[in-house]
Protein chains: 4
Amino acid sequence: MTNSFKLTRVGITGVKKPVNIQRPGRVVTLTINMDAFVDLPSTQKGSHMSRNVEVINEVVDKSVRKPVASLEALCADICRSLLKRHEYATYSEVKMKGDYFLEKKTSSGRRSLEGYKLIAKATARRNGISVKKMIGVEVIGMVTCPCAMETIRANLMSKYPIYKECLKEIPVITHNQRNVSTLLIEVPEKYEIEADDLIQIVEESISSPTYEILKRGDEADVVYKAHLNPKFVEDVVRDILAKILKKYADLPNEVIVTVRSESEESIHKHNAFAERVTTLGELRK
Amino acid sequence: MTNSFKLTRVGITGVKKPVNIQRPGRVVTLTINMDAFVDLPSTQKGSHMSRNVEVINEVVDKSVRKPVASLEALCADICRSLLKRHEYATYSEVKMKGDYFLEKKTSSGRRSLEGYKLIAKATARRNGISVKKMIGVEVIGMVTCPCAMETIRANLMSKYPIYKECLKEIPVITHNQRNVSTLLIEVPEKYEIEADDLIQIVEESISSPTYEILKRGDEADVVYKAHLNPKFVEDVVRDILAKILKKYADLPNEVIVTVRSESEESIHKHNAFAERVTTLGELRK
Amino acid sequence: MTNSFKLTRVGITGVKKPVNIQRPGRVVTLTINMDAFVDLPSTQKGSHMSRNVEVINEVVDKSVRKPVASLEALCADICRSLLKRHEYATYSEVKMKGDYFLEKKTSSGRRSLEGYKLIAKATARRNGISVKKMIGVEVIGMVTCPCAMETIRANLMSKYPIYKECLKEIPVITHNQRNVSTLLIEVPEKYEIEADDLIQIVEESISSPTYEILKRGDEADVVYKAHLNPKFVEDVVRDILAKILKKYADLPNEVIVTVRSESEESIHKHNAFAERVTTLGELRK
Amino acid sequence: MTNSFKLTRVGITGVKKPVNIQRPGRVVTLTINMDAFVDLPSTQKGSHMSRNVEVINEVVDKSVRKPVASLEALCADICRSLLKRHEYATYSEVKMKGDYFLEKKTSSGRRSLEGYKLIAKATARRNGISVKKMIGVEVIGMVTCPCAMETIRANLMSKYPIYKECLKEIPVITHNQRNVSTLLIEVPEKYEIEADDLIQIVEESISSPTYEILKRGDEADVVYKAHLNPKFVEDVVRDILAKILKKYADLPNEVIVTVRSESEESIHKHNAFAERVTTLGELRK
């Protein structure tokens, strides 16, 4: 056969499915967008892609009768089935992403249903080593810039020396903006990581979480809290990393972690971005 | 023939072309995304869509040798040619959008090349009435919220009564965010509207323009200026409308105007939006 | 007050919510993306946008306990509540869009869960006239080009005169492609329109529906059927219009209909597009 | 300092700039979307992101006076300057993407200006090792499915045994679709790779290139050619790999190559995907 190179990933992208998933105390239906791949040896002309959809359907169908424990477990199940069904493949990979909702409370106690993205991924190798799973969240929040705050505080103090005491004590104006932060973490065999905890870690690492409904008092509280807590995207990533180390002290060193924070800067037309891709072991050094 | 209904718009979407266009004092090459349609009578089975691309190509090719005066003139040219080439059509419509750059200056005099979107549209009818043209701009800028500022000022005054004088005088913290505002205006026969003026009108109607490069001092100035000038999206739209009335006092009453402002709220996961679609005549009442 | 123009639409965009909706024989949870607007008189400085989210939340919360009858009924409910809550407004508008799934059968009887988009819209005016509702669907399908098929048949006949009989009888090669068709129809007071019927109308008007899973035999059937049934985007729109007239013969003349079909042409980098915006009365002439 | 982890990438995303670039025989202006990052040591609180924009502006400004030789050279220049300007950084990375146009000819000799995407990337390390550069292209084309063609040929032969000779000789119907293929290749020091050659390699590896303008004869030729040349996405990737090996026989073994092909399947709502990420050395084994 000519041009018989092996291929790294062959499969389908953009498959949408409703999935029933068990969350703490309830079952939710998520609309999931998924990709599923296997590798292809040089000796095989084409991958039987319809098998990917068959596998997805069987696993998702089962979820209607018995909700899956987690999105990453669903990815892992599909990965295992892909290796069974594609007898020529040595590797399989599944990625999923979907809108997810959690009830949160504003400072005044008002309930607000907030939207997030759940992300999950699994890869499997035929060589007997267990499947690798990752779970992740994408969280929209708010960050305020520490740098502009300090420059403006200094400017104001020099312009209004008589207000020095006030300007030392109150939070000073700065630019703030919508921020999207992503946290992905490997879930080793026999461990469980709760996506809701990841959302909490991210929301505690930005200047302030955001809310769908904010009446005047709540709105002032969010803005005030965010200005007491100014953060660069660099700070957001580092604070998430620190919280992960603390929360998952029992996870092994090999666990892979990816943390990303991107701010839709209000003072620029471009975004600010920070990222760390690493292992828990590296972070613990 | 069965099912022989007339159709409102038939054509092609997503055609990309580089276009040479005359701007004040220079020629620029823009990468334009365009759509081109004609109507289709009930007696005609299909529209000859390849003619749309032929017409676009001829007009765009000419622009290489002789830069077009404006994007809306280019749309109008294509509209006229579409009616000539589609002898069965009574209506033609062309829309264009592309990235456009202008050199701006920050408060300290630093030059910064800023990106905008140019939008143009033309429609033509065979019945002898002249072609209608619209030119528009999409501008990314910054808005600061007046409402949260007032609530927080009151909260701070009641928490720190001794700082009352300071809190009255200095701008107080509030949420601010990236804002996208759009202004579209009809260009009647024998009138000319300069897109750069539309960009200026929008940038003077938001809390502050934004810049690619801001060193510390410039950054503080942008933030400070924006907080002296808090704006709801409603205010942005109204201020643009007022500036249009003043700037284009000589334009006739029938001229159609669309103004839209959308803020990527830093305190919410959703956007705030305001819009007015009207005529100059309505605004002048 | 300066710049006190009235505004056409003020509100929020991009609000995501899970919604429980009653479908024939079952309740489904859809993740809906929604926009909600009211108008704003010149005498009112700002719209109370948090009320929009409050209204949405109340109506959506109710849907958890009692699934809504339809997405357009949900839009209409929110429209009515918006006018109650924004006492200064004379107009309200709500738009929704979400992924929706239906079980379909391939030619061999294989069950396949297919994805669609549900679209709904409602507008209300304070002057006592009833709320206007629209329901719609966006359907991904397949179209084959009749024009290239005819040219190629003629070319083949002239190249292979001895195969004339065969070439007359069998379907001949042509380009085919992914097509996205949209059908929106007004639902007058006291009438009901089932979104599943709209999906069926669209799928019967394209060259062939598409399926997630196609084993070899099914795949051949889909391709064969599509080539027996070549369609321009113009034909797709006209056939949908004809089927609407037949199916909804009892709907009044004022009912507004929008039909749109866009093909991601396999032979071009741009798309082909056809549209009709009209009323049932116009179509019946 | 608390939470003082090092960060992998810190910088800006979504910066748009017009860039003058030297192409064979002409200078073209491309509108480029770019990202620029450096790493950040644990000892440094924040990255000076405005320096990234300064560096970009200086290098891009120079391109106005003296067009850059290639997009990847521009990336490499910015990478080097980033390391100079961020004295604490040990790594820099720049990515660019923009619309690019080439004049092509249809089978009848008709000239057609076709759109592509140019992609470039560079990374630099402070340790004295030379900068790594990659150039790439994204090409929209057409693929026809070999599998459905064979099934349908067999079906037709069994249905029409008298037409066996014809069915053996003429291309038989199958599904075809828009395909997006991407080829990225490392450009080692002292070598040059021409993006136009990469576009040619991709266009020769799909079933057929696509064209903006196709009159009837040309359209039939494109469809016919594509059906003589059916390809799975797997075949597209493998054929590109083979052509790269042949064309770049003098490039060293360490050169990294990424090839990807994605088809917007006309018979499915999801896409088919194949990818190989490798080195020339691996391919040569």
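Residues numbered from 1 in each chain as written. Chains lettered and ligands numbered in written order. Predicted model: local features only at pLDDT ≥ 70, side-chain atom pairs only at ≥ 80, totals over all residues.

**A look at the overall build of chain A**
Spelled out, the test is: A run of H or I in DSSP counts as a helix once it spans at least four residues, and a run of E counts as a strand once it spans at least two, with each numbered from the N terminus. Between the buried cut of 20 or more and the exposed cut of 12 or fewer other C-beta atoms within 10 Å of a residue's own C-beta lies the partly exposed class, and all C-beta atoms are placed from the backbone. Residues are defined as contacting one another if the C-beta atoms placed from their backbone atoms lie within 7 Å.
Each helix and strand in chain A was counted, giving eight helices and nine strands. Here the C-alpha coordinates of chain A stretch approximately 85 × 40 × 40 Å along the principal axes. Burial status across chain A gives 55% buried among its 285 residues. Sequence-distant contacts in chain A: of pairs separated by 6 or more residues, those separated by 24 or more amount to 70%.

**Some thoughts on the pairing of strand 9 (residues 271-279) of chain D**
Put simply, the rule is: Pairing between two strands requires that DSSP report at least two bridges joining them.
Bridge count between strand 1 (residues 7-23) of chain A and strand 9 of chain D: five bridges; the pairing is antiparallel. Paired with A:Ile12 across the bridge in strand 9 of chain D is D:Ala272. As paired strands, strand 8 (residues 256-263) of chain D and strand 9 of chain D are joined by eight bridges and run antiparallel to one another. Residue pairing for strand 9 of chain D: D:Ser261 is matched across the bridge by D:Ala274.

**Re the interface of chain B and chain C**
Quick reminder of the rule: Residues are grouped as follows: Ala, Val, Leu, Ile, Met, Phe, Trp, Tyr, Cys and Pro are nonpolar; Asp, Glu, Lys and Arg are charged; every other residue, Gly included, is polar.
Contacts between chain B and chain C engage 32 residues on the former and 32 residues on the latter. Considering each element in turn, the side of chain B that touches chain C owes the most residues, nine residues, to strand 1 (residues 7-23) of chain B. Residues belonging to the side of chain B that touches chain C are distributed by class as follows: 16 nonpolar, nine polar and seven charged.

**Describing the relation of the copies chain A and chain B**
Applied cut-off: For this overlay, a least-squares fit was computed on C-alpha atoms, restricted to residues scoring pLDDT of at least 70 in both copies.
Overlay of chain A on chain B (RMSD 0.0 Å): rotation 180 degrees, translation along the axis 0.0 Å. The operation mapping one copy onto its partner corresponds to a two-fold rotation axis. In this assembly the copies share their binding face: 100% of the residues contributing to the interface of chain A also contribute to that of chain B.

**Re the interface of chain A and chain B**
The extent of an interface is frequently quoted as the accessible surface area lost upon association of the parts. With 38 residues of chain A in contact, the opposing surface of chain B contributes 38 residues. At the level of secondary structure, the elements contributing two or more residues to the side of chain A that touches chain B comprise strand 4 (111-125), strand 5 (132-144), helix 3 (146-159), strand 6 (176-186) and helix 6 (216-228) of chain A. Here the element with the most residues in the side of chain A that touches chain B is helix 6 of chain A; it accounts for seven residues.

**Brief notes about the relation of the copies chain B and chain C**
Once chain B is rotated about the relating axis by 180 degrees and shifted along it by 0.0 Å, it coincides with chain C to within an RMSD of 0.0 Å. A shared binding surface is used by both copies, with 100% of the interface residues of chain B retained as interface residues in chain C.

**Observations concerning the domain arrangement of chain A**
All names here are of chain A. The test is simple: Where each domain starts and ends comes from a domain assignment, either automatic or drawn from a database.
In terms of domain boundaries, chain A breaks down into domain 1 (1-125) and domain 2 (131-285). Taking only C-alpha atoms into account, the centre of domain 1 sits 28 Å from that of domain 2. Taken together, the contacts link 26 residues of domain 1 with 22 residues of domain 2. Going through the elements one at a time, helix 2 (71-85), strand 3 (91-105) and strand 4 are the ones with two or more residues in the side of domain 1 that touches domain 2. If one sorts the elements of the side of domain 1 that touches domain 2 by residue count, strand 4 sits on top with twelve residues. Partitioned by chemical class, the residues of the side of domain 1 that touches domain 2 number 13 nonpolar, six polar and seven charged.

**Concerning unusual backbone geometry**
Of note in the backbone geometry, A:Lys190 takes a positive phi value of approximately 75 degrees without being a glycine. With respect to the helices, strands and loops of the structure, A:Lys190 is situated in the loop between strand 6 and helix 5 (195-203).

**Focus on the packing of helix 1 (residues 49-65) of chain C against helix 2 (residues 71-85) of chain C**
All names here are of chain C. Let me state the cut-off plainly: To obtain each axis, a line is fitted to C-alpha atoms, and for helices this fit is confined to the stretch in contact; angles are then taken between N-to-C directions over 0 to 180 degrees. The cut-offs work like this: below 35 degrees is roughly parallel, past 145 is roughly antiparallel, 65 to 115 is roughly perpendicular, and the gaps in between are oblique. By convention the crossing between two helices is left-handed if the near helix lies anticlockwise of the far one by an angle smaller than a right angle, and right-handed if it lies clockwise.
Contact geometry for helix 1 and helix 2: axes closest at 9 Å, N-to-C directions at 140 degrees. Comparing the axis directions of helix 1 and helix 2 gives the class oblique. Note that helix 1 runs across helix 2; the crossing there is right-handed. Contacts between helix 1 and helix 2 pair Arg51, Asn52, Val55, Ile56, Val59 and Ser63 from the former with Leu74, Asp77, Ile78, Ser81, Leu82 and Arg85 from the latter. Partitioning the contact of helix 1 with helix 2 into residue classes produces six nonpolar, three polar and three charged.

**Thoughts on the environment of B:Cys147**
Residue and element names in this part refer to chain B. By secondary structure assignment, the location of Cys147 is in helix 3 (residues 146-159). Take Cys147: there are 19 C-beta atoms within 10 Å of it, and that puts it in the partly exposed class. Spatially, the C-alpha atom of Cys147 lies 8.2 Å from that of Thr174, the residues being 27 residues apart in sequence.

**Remarks on the packing of helix 3 (residues 146-159) of chain C against helix 6 (residues 216-227) of chain D**
Geometry of a packed helix pair, given as the angle between the helix axes and the separation of the axes. Across the interface, helix 3 of chain C lies against helix 6 of chain D with an axial gap of 9 Å and an inter-helix angle of 80 degrees. One element, helix 3 of chain C, and the other, helix 6 of chain D, form an angle in the roughly perpendicular class. Mapping the contact onto sequence places C:Ala148, C:Thr151, C:Ile152 and C:Asn155 in helix 3 of chain C and D:Arg216, D:Glu219, D:Ala220, D:Val223 and D:Tyr224 in helix 6 of chain D. Split by residue class, the contact of helix 3 of chain C with helix 6 of chain D holds five nonpolar, two polar and two charged.

**Some thoughts on helix 6 of chain A**
What counts here: To estimate the expected span of a helix, subtract one from its residue number and multiply by 1.5 Å.
In this model, helix 6 of chain A (13 residues) spans 18 Å end to end at C-alpha, consistent with the 18 Å of a helix rising 1.5 Å per residue. Buried residues along helix 6 of chain A sit in contact with strand 5, strand 6 and strand 7 (208-209) of chain A together with helix 3 of chain B.

**Things to note about helix 3 of chain C**
With 14 residues, helix 3 of chain C extends 20 Å from end C-alpha to end C-alpha; this agrees with the ideal 20 Å at 1.5 Å per step. Along its buried surface, helix 3 of chain C packs onto helix 4 (164-169) of chain C together with helix 6 of chain D.

**Examining the environment of A:Pro67**
Position of A:Pro67 relative to the elements: it lies in the loop between helix 1 (49-65) and helix 2. Taking the C-beta count within 10 Å as the criterion, A:Pro67 has 17 such neighbours and is therefore assigned partly exposed.

**So, the pairing of strand 8 of chain D**
Residue and element names in this part refer to chain D. Most of strand 8 is tucked away, with six of its eight residues classed as buried. In this structure, strand 6 (residues 176-186) lies alongside strand 8, joined through seven bridges in antiparallel fashion. By the bridge assignment for strand 8, Val180 is matched with Glu262.

**A short note on the environment of D:Val223**
Following the sequence through the fold, D:Val223 ends up in helix 6. The class for D:Val223 is buried, based on 29 C-beta atoms found within 10 Å. Residues D:Val223 and D:Asn176, spaced 47 residues apart in sequence, show a C-alpha to C-alpha distance of 9.2 Å. Leaving out residues up to four positions away in the same chain, D:Val223 has contacts with C:Ala148, C:Ile152, C:Ile173, C:Thr174, C:His175 and C:Ile267.

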